[in-house]
Each structure stands twice: as C-alpha cells, then as structure tokens.
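So the chains spell out like this:
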Amino acid sequence: MAEDTRKVIIELDNVKRDFQVGSEVVHALRGVSFKIYEGEFVTIMGTSGSGKSTLLNQLGCLDTPTSGEYYLDGISVRTMQRRQRARLRNRKIGFVFQNYNLLAKTTAVENVELPLMYNSEYTAKMRREAAEKALTAVGLADRMEHKSNQMSGGQMQRVAIARALVNNPVIILADEATGNLDTRTSFEVLVLFQKLHAEGRTIIFVTHNPEIAQYSSRNIVLRDGKIREDVENKNILSAAEALANLPAPQDD
Amino acid sequence: MNFINLLKIALKAIANNAFRSFLSMLGIIIGVGAVIIMMAIGQGSKNSIKDQISSMGSNMIMIRPGGNMFGGVRMDPSDMQTLKVEDYEAIVKNKYYVNYVSPEVTTSGQVIYGANNASTTMYGESAEYLDINSRVVAEGEMFSDDDIKKSSKVCVVGQTIVDNLFPNGGDPIGKTIRFKSIPFRIIGVLKAKGYNGMGMDQDDLILAPYSTVMKRLQAQTYFGSINCSALSEEYTDQAITELTGILRETHKIKEGAEDNFSIHSQQEIMETMDSTMNMVTLILVVAAGFSLLVAGIGIMNIMLVSVTERTKEIGLRMSVGASGLDICNQFLLESIMISVTGGAIGVGFGWLVSFAANTLLNFPAEVPLWSVVVSFIVCVIIGVGFGYFPARKAARMDPIEAIRYE
C-alpha cells in the first residue's frame, strides 16, 4: 500500500494515551499507527479493555494523545485547544452512537439540524434543507416531523446517521451503532452504512461484534492498546443479501 | 453560535419542561409582583398625602410657641405662652412676604342647640383663616374685624355641625347655639370640604373670633399658634426669615440666643412626609426584595438539576461541535428567560393588583414606570447571577463522560 494514491483522511503516528488512575499510570494506547484513506469502511474491533473506546475518543477529537501525532484531514489534533477541537468535530466528523442520543421531544428534522446550529455559516433555511436531504438519504423522508419518542429503534438510529451526515463530514464515526438493535434492524442499518460506503463515504465502525467485519472493507483488531491485526477484506459480504435471507418476521 | 439559535434552544428546553419552568418562575412572579405592589402603594400614598397637603395650601406657614426641641429637653411651661397679641400685631404691621395672618386658639367641647348636641372643636381665628386654609363661606358671612375687636359671640360653622344640630333642616343662620354653655350666634356656614386623607372630617369645626375664644371661653392671653401664608410657595423661605426677624424683635431675643418659638412651613412638612414615605417604601421593597433572592436560589436549584439531568444532551451537543461557551450561553439564556418571563408576569400581576386596589378598594396605588424598568434589570441580574454557576458546571463537562452518562 506504499504507493497508495488515495487521499489520507486519518493518520495516526505512534499514538499513546496514558491515564493517571490513583498513583498508577494506565497505558490505554501503547503506540497505535495507521492510515485511513478516503472511501474506506473500517471496522475497529476489540474486547473491552482493549483501548477501543480510548482510540475512538482520539479519532473523534474528544481527547488528545499523550504522545504521538494524529492528523485528521491533514490537521494535527494533538496541540489543539478544546474550542478548536469542538469546531473540528463540527465540520469534519459525524458521530453515530450506540443509544442514538437523540434529543427528547424533538422532531427528526430538528435532531438532524443540531450540528448545523453550531455552524454560523448555515442560515435556518440552509439548515432545514440540508437536514431534509440527509433524512431523505437514510430513507426517512416521510418521518421528518416525527418526534424521537414516536419512532422505532431502527428509525431513531437512521435519524442519528442522518445527523452524522448533515455536515458533510470527512469521516463518520460509528460507536457500536447496531449494539441496541435486533438482528433485522441491525442489518437494515448495515445496509445503510454499505450504501453510504458505496457513495464514497469514509466510515469507521467501532464494535466488538466480529460479524460486522465481514461487511466492511477493512478490519483493525485492537488488543491491550496495540494493533494486533489490520487486514483488508477482499470479500465484502452484502448486508442487503443477508437481510433478504433472514427468516421472515413472525407475528406472535 | 448565533443568538437566534441559542434563543430557539433555550425556548425549546423551557417548553419541554413547561411545568417545572413555571414553578421556578413562580418565585420570581411572586417576588416581582410583591416589589411592584409595594412600590405602587408607596408611590400612591405619597402622592395622595402630597395632594392633601397642597390642598390645604402649600404656602402655609405655622408658628408655634416654644423652641425646637431635640431629645429630652426640659421645657419651661412659660415657653408655651410666648405667642401674644403683640406678636400678631407686629406681623400684620411689618409683613412683606407674608400675605395673610391668623392667630389660632382652639378648644374642644360640646355644642348644643335645642335637644341636639355634638362634640366638636372651636377655632378662634381671624377672618384671614379662610384665605390661609382655602375655605369659603357658602351661606351668610365671615365675622369681621369689628367682631374681633368687640369679642362678639358670633361663629361660622362647618357642614357637619349643621347636620348634627339641625337634623330636620332649617336655616342655621341667625340661630344661637351654645358652646361650653356660652351662646354663639351663627352668622355663616362654610362650604363643605369633606374628609382629608387622614380620615379627618374637615367640616366638623366652629370658627369664632380669636378674641372671643381667648377672653370668653379660655381666659388666656396667649395663642396656641399663628398661621400665615406666604405670598406664594416660592417665597416661603423669605417669609420664614421675615417672621423669625419680627418675632425675635418683639420677644427681645438677644443675638445668639435660641428662638422661643418655632416656624414650620407646609413645604417643610411635605418634605418630611416625603422622606418618611420614601423610607417606609424602601423598607417594604427591601422586604419584598428578599423573596426575589429566594426565587433566584430556586432558579439556581432547578438549573443545577436540569444540568445533571441533561448531561447526555450536553455530551451530544459537545460531540457535534458545541463549545463550552455555547453550552454556558445556552443554560445562562435559559435561566435569564425563566427569570425575565417570570418578571414580566410578575409586573403584570403586580400592576393588576394595584389597579384592582385602586379601582375596587379605592386604595391609593400607582405603579411607577421606573419600578417596572428596575424589576426587569433585577430579573436579568438574577438570571445571570444564579444561572452562571449551573451554566459553568455544564460548560466544564467532559464530552466523553457526558455522552456515556446514564
């Protein structure tokens, strides 16, 4: 991959992250290096305690490395202040969380508009248009004015994905995005991620579920704060096919 | 983030917790309402007292025997007898800034006509009493200087006396009534003036020549007081200086010695009244203000709960790009809106109560405009002051922990 000409979205160079717990120093990340290119669908796997969450926080600019360098879209994050990182998250990153994290008593379209509220370049009209476009892209064109408590888990997660798309980020960071969903809905969400991947989006999907790796283009396995495995998936399975092969839902 | 977005977010948050927001507003509503009502009562009573005093004649000057007393000074009884006929005559002779002069001797007692009697006060005066006190004789006439010279047993009565002594109607003029068993012939009836603001019936009086009251009723040689009026309100100070000069001369008071009389103007009384009322109003407003402080603490309490409860929301907002300042502003605006909305309702509530008191209970209450402005400013200060601590707490949250908060 040395002669790779694709655009580098994320570059980690020997990233270490230590935490002070009482008198002990916990090494959550012990020197992690990798590059993620534009258009990749990467799963990051690892058991709990593997440093997975810490890595996600690094990638999401929620935290800064103790040492090493992290470049997001060519910008060094390590020395950034809180405020600058907030801005970077707002412009470059789309988050999808395990428990959706939608605002209560708020309509789908308002939820999706949220990131753009913190971007003064967007007027109310532009915001609304962008949110409607994103909701249409996740197949919720008919659910715009539904409030979060009027939707199913799958719908809520799709609203969350629309929210991650609305600022046109360079990277979508999904944290156990199917963790709270049943098998069928999980596949529906995976279909959506594969569709976004096909459209050229760069996606990082953090999970402890090895099954999901089969539907991504690359799989990074983390253990004890180090990369144990980093392989490209030559044989990407189609989530749509898997969904079709699921037994029909029983009415019981 | 721009202000309109912030406003939308804050409004939404308040609407989502409408009942709770209303409860925390309630403290402010009651507090501001109480302050407004207190200010309205203070202002209203002040104005009504002012009106009454000036209706008595704002250029009135009162001379009383005895010097100004401070603290527990022992007083010589002779000090109460310092105002004599010579003083009155000297004032009448030398006055320049003083317009009208009337000595006054009062005595209370029973007045009888036929089978009817009433308790009242007789005022021994000069004819200029009418000019000083803005009174008019409606029927008959005022006693003359000749009556004073002769100490005639004539009198002018107020309407209440007429009502009490002549309950079956009939012309009181020319009738002879007895006051403390001395017969007085009624020669005039004063035009009714009604009650004054302190609830005193201004028509329950009998006017008689001062000489008659002094010689025939009281057997005394001194006046209770001398009332004057200045040429106009502006000349009050000059008139007081003039009167002081005249009286010091007739009393032969040496330079440097203290006056054995005291002079007060209506204006001065009005000013004293004003500052007393201001003090009372201030005390009332401060007491009501404490409830605002309590309300502010209530808002802080609710905001702290709200911040904890919405930790996840704060984490989400931070993840999608809200800076600490954005979060701080959001919560600050929320608390400001609660307190200002509460304040607005409180002003309305206070105004309504004042208005009702005014129209239904005839209680003098006027909401001064500045109190509304001050209330609003205070509400903003409360919002910022008590919202800052919770807002800062929200702004300092770590997004990583906040987003995973359960």
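Note that the coordinates shown come from a computational prediction; the quantities given were computed from them, not determined experimentally. (Residues numbered from 1 in each chain as written. Chains lettered and ligands numbered in written order. Predicted model: local features only at pLDDT ≥ 70, side-chain atom pairs only at ≥ 80, totals over all residues. Heavy atoms only, no water.)

Remarks on the pattern of salt bridges
Defined as follows: Salt bridges are defined by distance alone: a side-chain nitrogen of Lys or Arg within 4 Å of a carboxyl oxygen of Asp or Glu. Numbering of helices and strands runs from the N terminus, with a helix taken as a DSSP run of H or I at least four residues long and a strand as a DSSP run of E at least two residues long. Each residue is placed in one exposure class: buried if its accessible area under a 1.4 Å probe, protein chains only, is under 20% of its type's maximum, exposed if it is over 50%, and partly exposed if it falls in between.
According to the stated counting rule, one finds 23 salt bridges over all chains in the structure shown. The closest approach of N and O atoms between Lys 7 of chain A and Asp 73 of chain A, which form a salt bridge, is 3.2 Å. Taken together, the residues span a long stretch of sequence, with Lys 7 of chain A in the segment before β1 (8-21) and Asp 73 of chain A in the loop between β4 (67-72) and β5 (75-76) at a distance of 66 residues. Note that Arg 404 of chain B is salt-bridged to Asp 175 of chain A, the shortest N-O span being 3.3 Å. Of this pair, Arg 404 of chain B sits in the segment after α13 (399-403) while Asp 175 of chain A sits in strand β7 (residues 171-175), on two different chains. Given a relative accessible area of 17%, Asp 175 of chain A falls into the buried group. Overlapping salt bridges bring together Arg 310, Glu 313, Arg 317 and Glu 334 of chain B as one network.

Observations regarding the confidence of the model for chain A
Inclusion rule: Each residue carries a pLDDT score, the predictor's own confidence in it, on a scale running from 0 to 100.
On average, chain A scores 91 in pLDDT, and the residues at 70 or more come to 97%. Within chain A, the element-level pLDDT minimum falls on helix α7 (residues 239-245) of chain A, averaging 90, and the maximum on strand β3 (residues 41-45) of chain A, averaging 95.

What to know about the interface of chain B and chain A
Operational definition: Any two residues whose heavy atoms approach within 4.5 Å at even a single point are treated as in contact. Defined here as a combined quantity, buried area equals the accessible surface (1.4 Å probe) lost by two parts on assembly, summed across both.
Counting residues at the interface gives 27 residues for chain B, matched by 26 residues for chain A. With both sides pooled, the region where chain B packs onto chain A buries about 2300 Å², and carbon together with sulfur makes up 53% of that total. It is Leu 316, Val 320 and Ile 400 of chain B in chain B that bury the most area against chain A; as a group they hold 23% of the surface buried on that side. At the junction of chain B with chain A, the criterion picks out 2 salt bridges.

Some points on unusual backbone geometry
Glycine aside, negative phi is the norm for most residues, and most peptide bonds take the trans geometry. Residues and elements named next belong to chain A. Despite not being glycine, Tyr 100 has its phi angle at roughly 65°, a positive value. One can find Tyr 100 in the loop between β6 (93-96) and α3 (108-117). You can call Tyr 100 buried: its relative accessible area is 12%. Although it is not a glycine, Asn 101 sits at a positive phi angle of roughly 55°. Locating Asn 101 in the fold gives a position in the loop between β6 and α3.

Description of the domain arrangement of chain B
Quick reminder of the rule: As annotated, the domain borders come from an automatic or database domain assignment.
When its domains are assigned, chain B resolves into domain 1 (3-52 + 272-404) and domain 2 (83-259). Distance from the C-alpha centre of domain 1 of chain B to the C-alpha centre of domain 2 of chain B: 56 Å.

Remarks on the packing of α3 of chain A against helix α4 (residues 124-137) of chain A
All names here are of chain A. Quick note on the threshold: To obtain an axis, a line is fitted to C-alpha atoms, over the contacting stretch when the element is a helix, and the angle between two such axes runs from 0 to 180 degrees between their N-to-C directions. Roughly parallel means an angle under 35 degrees; roughly antiparallel means over 145; roughly perpendicular covers 65 to 115; every other angle is labelled oblique. Rotating anticlockwise by less than a right angle from the far helix to the near helix defines a left-handed crossing, while the corresponding clockwise rotation defines a right-handed one. Three categories are distinguished: nonpolar for Ala, Val, Leu, Ile, Met, Phe, Trp, Tyr, Cys and Pro, charged for Asp, Glu, Lys and Arg, and polar for the others, with Gly belonging to the last.
Two numbers describe how α3 lies on α4: the axes approach to 9 Å, and their chain directions differ by 120°. Viewed along their axes, α3 and α4 adopt a mutual orientation that is oblique. Of the two possible hands of crossing, α3 and α4 adopt the one that is right-handed. Together, Ala 108, Val 109, Val 112, Glu 113, Leu 116 and Met 117 of α3 and Arg 127, Arg 128, Ala 130, Ala 131, Glu 132, Ala 134 and Leu 135 of α4 make up the contact between the two elements. Tallied by class, the residues present in the contact of α3 with α4 amount to 9 nonpolar, no polar and 4 charged.

Things to note about the pairing of strand β5 (residues 154-157) of chain B
Residues and elements named next belong to chain B. Threshold: Any two strands are treated as partners once DSSP identifies two or more bridges connecting them.
Burial along β5 is two-sided: Val 154 and Val 156 facing one way and Cys 155 and Val 157 facing the other are all buried. The sheet contact formed by β5 and strand β7 (residues 182-190) spans 4 bridges and is parallel. By the bridge assignment, Val 156 is partnered in β7 with Gly 188. The pairing of β5 with strand β8 (residues 206-209) spans 2 bridges and is antiparallel. By the bridge assignment for β8, Val 156 is matched with Leu 207.

Quick notes on the sheet that holds strand β9 (residues 218-223) of chain A
Residue and element names in this part refer to chain A. A sheet is described by the order of its strands in space; here 6 strands give the open sequence β6-β7-β8-β3-β9-β10, paired in mixed fashion. Edge strands, defined here as strands with exactly one partner in the open sheet, are β6 and β10 (226-232). Shown here is a sheet whose adjacent strand axes are inclined to one another by a mean of 15°, direction ignored. The pairing of β3 with β9 spans 4 bridges and is classified as parallel. Bridge assignment links Thr 43 to a residue of β9, and that residue is Asn 219. Across the sheet, helix α2 (residues 82-92) is in contact with β6 and β7; its angle to β6 comes to roughly 80°.

Things to note about the packing of aromatic side chains
Each pair of aromatic rings is reported with the distance of its centres and the angle of its planes. Residue and element names in this part refer to chain A. Basically, it comes down to this: Paired rings are identified among Phe, Tyr and Trp, the last through its six-membered ring, by centres lying within 6.5 Å, and are further divided according to the angle between planes into stacked (under 30 degrees), edge-to-face (over 60) and tilted (the rest).
Under the counting rule described, the total for this entry stands at 12 aromatic pairs over all chains. Ring geometry for Phe 187 and Tyr 215: centres 5.8 Å apart, planes at 80°, overall edge-to-face. Taken together, the residues Phe 187 in helix α6 (residues 183-198) and Tyr 215 in the loop between β8 (203-207) and β9 connect sequence positions 28 residues apart. Like Tyr 215, Phe 187 is buried. Note on Phe 193 and Phe 205: the rings are 5.3 Å apart at their centroids and 75° apart in plane angle, and the pair reads as edge-to-face. Taken together, the positions of Phe 193 in helix α6 and Phe 205 in strand β8 put the pair 12 residues apart, joining distant regions of the chain. A relative accessible area of 0% means that Phe 193 is categorised as buried. Taken together, the ring pairs connect Phe 41, Phe 193 and Phe 205 into an aromatic cluster.

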